[in-house]
Amino acid sequence: MRYPALKINSETVLENASAVETLCRLHGIEVWGVTKGLSGDPRLAAIYMKAGFVGCADSRIDNLSGIKEAGVRARLQMMRIAMPSELEDIARVADVSLQSEVSTIKALDAVCSSLGVTHDVLLMMDVGDLREGFWETEIADAAGELRDLSGGVRIRGVATNFACASGVLPTPENMARLVKLRDLASGVMKIDMPVISVGGTCCLKIIEEGLAPKEINELRICEGVLLGIDTAFDRDIPWLSRDALRIEAEIIECRDKPSVPVGETGLQAFGEKPVFADKGTRRRAILAIGRQDVNIDRISPMEEGITIEAASSDHLIIDVTDAPGRERYRPGAVVSFLPRYPAMLACSTSRYVEKIFD
Ligand SMILES: *Cc1c(COP(=O)(O)O)cnc(C)c1O
């Protein structure tokens with residue numbers, strides 16, 4: 001076993017995914033499993049497909065490519081609007097993509113036609129979060145310009161994000177506005193646009209309450225399935241498990257030290273000025289994991305009585321003075337943490353962290 005490690009309990013992820021799939025199916029919604037939380041790991045993609053999701057979605061074409069090369073049978077959705085420089089990859093790898101620039105869609109259409117493939121596009125709509133997407137007032141013109149594509153791209157529907165850039169929460173009202181924007185675009189284009197896709201995890205709450213407009217028929221989700229939490233609404237999702245993923249790190253030093261540093265203090269390595277309370281002598285353990293691997297503000301120790309004190313690039317210092325059975329904390333012992341979303345992302349992209357599915 002090598003540390004630090006990100007451990008993924010496949011069974012628990014599958015249970016969470018299946019619970020989400022069941023809820024959504026009840027409401028006529030198909031689920032796209034978002035794989036970017038674990039850097040597009042094909043093992044995660046396989047779990048999503050086993051749970052009955054319709055496909056896998058990611059924000060990096062490299063990740064989708066990896067899933068395809070690993071032989072996972074899944075429809076693949078490219079969720080981040082395309083860089084004009086990557087259209088050929090998107091045409092070759094993804095079945096569907098989210099787009100918000102008319103010029104990019106036209107270029108993608110030309111690339112797809114020349115490759116002889118048909119690619120589905122969902123038009124991103126901005127209903128208020130101020131990240132990507134057409135603004136309501138532009139839609140008629142944009143849809144007009146997209147009427148004469150060459151058949152490489154099929155415009156299949158609309159999509160939106162909530163709580164990504166500005167924290168705007170989904171409501172039945174802004175979801176209904178998305179439906180209206182779809183009707184507007186399909187009216188101008190004189191085509192059916194059957195797909196209305198929403199994301200991410202924060203949409204679950206509206207779906208659970210039965211308040212999503214019946215036209216909403218796709219959900220893109222990551223955080224809820226992997227972590228059982230909904231950051232936007234600041235809640236643990238009661239019917240999902242919180243402990244499918246854990247971060248494990250190994251102790252490399254443990255000893256008693258004062259709780260206040262000795263000497264004049266300036267800024268620490270990351271330009272911050274820590275403050276210290278004098279709690280007397282404390283037992284501090286150093287773990288071999290650091291800010292290169294994990295976002296230390298976004299992890300919680302799984303064992304009782306442990307607090308996180310400080311971290312540098314490669315060291316994380318915890319206080320174990322009040323932990324029951326503290327004698328176990330010695331070099332070689334392993335300490336576990338539950339990640340929140342940013343910590344999971346950091347761990348999964350750090351090449352120093354072993355990713356283990358069990
Ligand atoms: C990351 C992402 C999601 C998934 O969001 P979660 O809140 O993690 O479920 C959905 N849609 C898009 C476009 C994303 O980038």
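Keep in mind that this is a model prediction, so the values were computed, not measured.

### With respect to the packing of helix 1 (residues 10-26) against helix 2 (residues 42-50)
- Interhelical geometry of helix 1 versus helix 2 gives an angle of 45° and a closest axis separation of 9 Å. Between helix 1 and helix 2, the angle is such that the two are oblique. In this structure, helix 1 crosses over helix 2, and the sense of that crossing is right-handed. Counted together, Ser-10, Val-13 and Leu-14 of helix 1 and Leu-44, Ile-47 and Lys-50 of helix 2 form the full contact between these two elements.
- When its residues are assigned to classes, the contact of helix 1 with helix 2 shows 4 nonpolar, 1 polar and 1 charged.

### Examining the site of the ligand
- Contacts to the ligand come from Val-34, Lys-36, Met-79, Arg-131, Asn-161, Gly-200, Thr-201, Arg-220, Ile-221, Cys-222, Glu-223 and Tyr-341.
- The separation between a nitrogen atom of the ligand and a polar side-chain atom of Arg-220 is 3.0 Å.
- For the ligand, an oxygen atom lies 2.7 Å from a polar atom in the backbone of Cys-222.
- Relative to its unbound accessible surface of 390 Å², the ligand loses 89% to contact with the protein.

### Points about the layout of surface pockets
- Volume-wise, the largest pocket comes out at about 830 Å³.
- Taken together, 34 residues form the lining of the largest pocket, with Val-34, Lys-36, Arg-131, Cys-164 and Tyr-341 sitting closest to its centre.
- Going through the elements one at a time, strand 9 (218-221) and helix 10 (341-349) are the ones with two or more residues in the lining of the largest pocket.
- With 4 residues, helix 10 is the largest single contributor of residues to the lining of the largest pocket.
- Among the residues making up the lining of the largest pocket, the classes are represented as 14 nonpolar, 9 polar and 11 charged.
- Residues lining the lining of the largest pocket come from more than one domain, with at least three contributed by each of domain 1 (10-236) and domain 2 (245-357).
- Reported here for the second largest pocket is a volume of approximately 670 Å³.
- Lining the second largest pocket are 30 residues, and of these Phe-276, Arg-284, Glu-309, Ala-310 and Ile-317 lie nearest its centre.
- Where the lining of the second largest pocket is concerned, the elements lending two or more residues are strand 12 (245-258), strand 13 (281-287), strand 15 (307-311) and strand 16 (316-319).
- Of the residues that constitute the lining of the second largest pocket, the class distribution is 15 nonpolar, 4 polar and 11 charged.

### Some remarks on unusual backbone geometry
- The omega angle of the peptide bond from Tyr-3 to Pro-4 is -5°, so this bond is cis rather than trans.
- Mapped onto the elements of the fold, Pro-4 is located in the segment before strand 1 (5-8).
- The step from Gly-199 to Gly-200 runs through a cis peptide bond, and the omega angle for that step is -5°.
- The residue Gly-200 is located in the loop between strand 8 (195-199) and helix 8 (203-208) in this model.
- Although it is not a glycine, Ser-39 adopts a positive phi angle of roughly 50°.
- Mapped onto the secondary structure, Ser-39 falls in the loop between strand 2 (30-34) and helix 2.

### Digging into empty space enclosed by the protein
- For the coordinates displayed, the defined rule picks out 1 cavity of 30 Å³ or more.
- Reported here for the largest cavity is a volume of approximately 30 Å³.
- Lining the largest cavity are Met-125, Asp-126, Asp-129, Leu-130, Arg-131, Glu-132, Thr-160 and Asn-161.
- Class assignment for the residues of the lining of the largest cavity results in 2 nonpolar, 2 polar and 4 charged.

### What about helix 7 (residues 172-189)?
- Look at helix 7: 26 Å from first C-alpha to last across 18 residues, which is about the 26 Å you get at 1.5 Å a residue.
- Along helix 7, the positions that sit buried rather than exposed are Asn-174, Met-175, Leu-178, Val-179, Leu-181, Arg-182, Ala-185, Ser-186 and Met-189. Mapping the buried residues of helix 7 onto a view down its axis gives an arc of 160°, with all of them on the same face. Residues Glu-173 and Lys-180 are exposed on helix 7 and point more than 90 degrees away from its buried face.
- Of the surrounding secondary structure, the elements contacted by the buried residues of helix 7 are helix 6 (139-145), strand 7 (153-161), strand 8 and helix 8.
- Remark: Lys-190 follows helix 7 within two positions and exhibits a positive phi of approximately 55°.

### Let's talk about the environment of Pro-301
- Tracing the backbone shows Pro-301 in strand 14 (residues 299-301).
- Linking Pro-301 and Pro-339, residues 38 residues apart in sequence, is a C-alpha distance of 9.0 Å.

### Remarks on the side chain of Asp-58
- Mapped onto the fold, Asp-58 is located in strand 3 (residues 55-58).
- Polar contacts involving the side chain of Asp-58 include one to the side chain of Thr-35, which spans 2.7 Å.
- Other than its neighbours up to four places away in sequence, Asp-58 contacts Thr-35, Lys-36, Gly-40, Asn-63, Leu-64, Gln-77, Met-78, Met-79 and Arg-80.

### What about the domain arrangement of the chain?
- According to the domain assignment, the chain contains domain 1 (10-236) and domain 2 (245-357).
- Summarising the inter-unit geometry, the C-alpha centres of domain 1 and domain 2 are found 37 Å apart.
- With 16 residues of domain 1 at the contact, the number on the domain 2 side is 10 residues.
- Carbon and sulfur atoms make up 64% of the surface buried where domain 1 meets domain 2, a total of about 1,200 Å² over both sides.
- Together, Leu-38, Arg-43 and Leu-227 form the three largest contributors to the area buried by domain 1 at its contact with domain 2, with a combined 37%.
- The tally of links between domain 1 and domain 2 comes to 0 salt bridges.
- Across the domain 1-domain 2 interface, the total number found is 2 residue pairs in polar contact (both at pLDDT 80 or more).
- Elements with a contribution of two residues or more to the side of domain 1 that touches domain 2: helix 1, helix 2 and helix 9 (223-227).
- When the residues that make up the side of domain 1 that touches domain 2 are grouped by side-chain class, the tally is 8 nonpolar, 4 polar and 4 charged.

Rules used throughout
- Residues numbered from 1 in each chain as written.
- Predicted model: local features only at pLDDT ≥ 70, side-chain atom pairs only at ≥ 80, totals over all residues.
- Heavy atoms only, no water.
- Axes fitted to C-alpha atoms, helices over the stretch in contact; angles between N-to-C directions.
- Helix = DSSP H or I, 4+ residues; strand = E, 2+ residues; numbered from the N terminus.
- Parallel < 35°, antiparallel > 145°, perpendicular 65-115°, else oblique.
- Left-handed = near helix turned anticlockwise from the far one by under 90°.
- Contact = heavy atoms within 4.5 Å.
- Nonpolar A, V, L, I, M, F, W, Y, C, P; charged D, E, K, R; others polar.
- Near = heavy atom within 4 Å.
- Polar contact = N/O pair within 3.5 Å; in protein donor to acceptor, adjacent residues only side chain to side chain.
- Areas by Shrake-Rupley, 256 points an atom, 1.4 Å probe, with all protein chains shown as cover.
- 1 Å grid on protein atoms, 1.4 Å probe; cavity = no way out; pocket = protein on both sides within 12 Å on 5 of 7 lines; lining within 4 Å.
- Points joined across faces, edges and corners; volume = space filled by probe spheres on them.
- Domains from an automatic or database assignment.
- Expected span 1.5 Å × (residues − 1).
- Buried < 20%, exposed > 50% of the residue type's maximum accessible area, 1.4 Å probe, protein only.
- Arc of directions from axis to C-beta.
- Buried area = accessible area lost by both parts, 1.4 Å probe.
- Salt bridge = Lys/Arg side-chain N within 4 Å of Asp/Glu carboxyl O.

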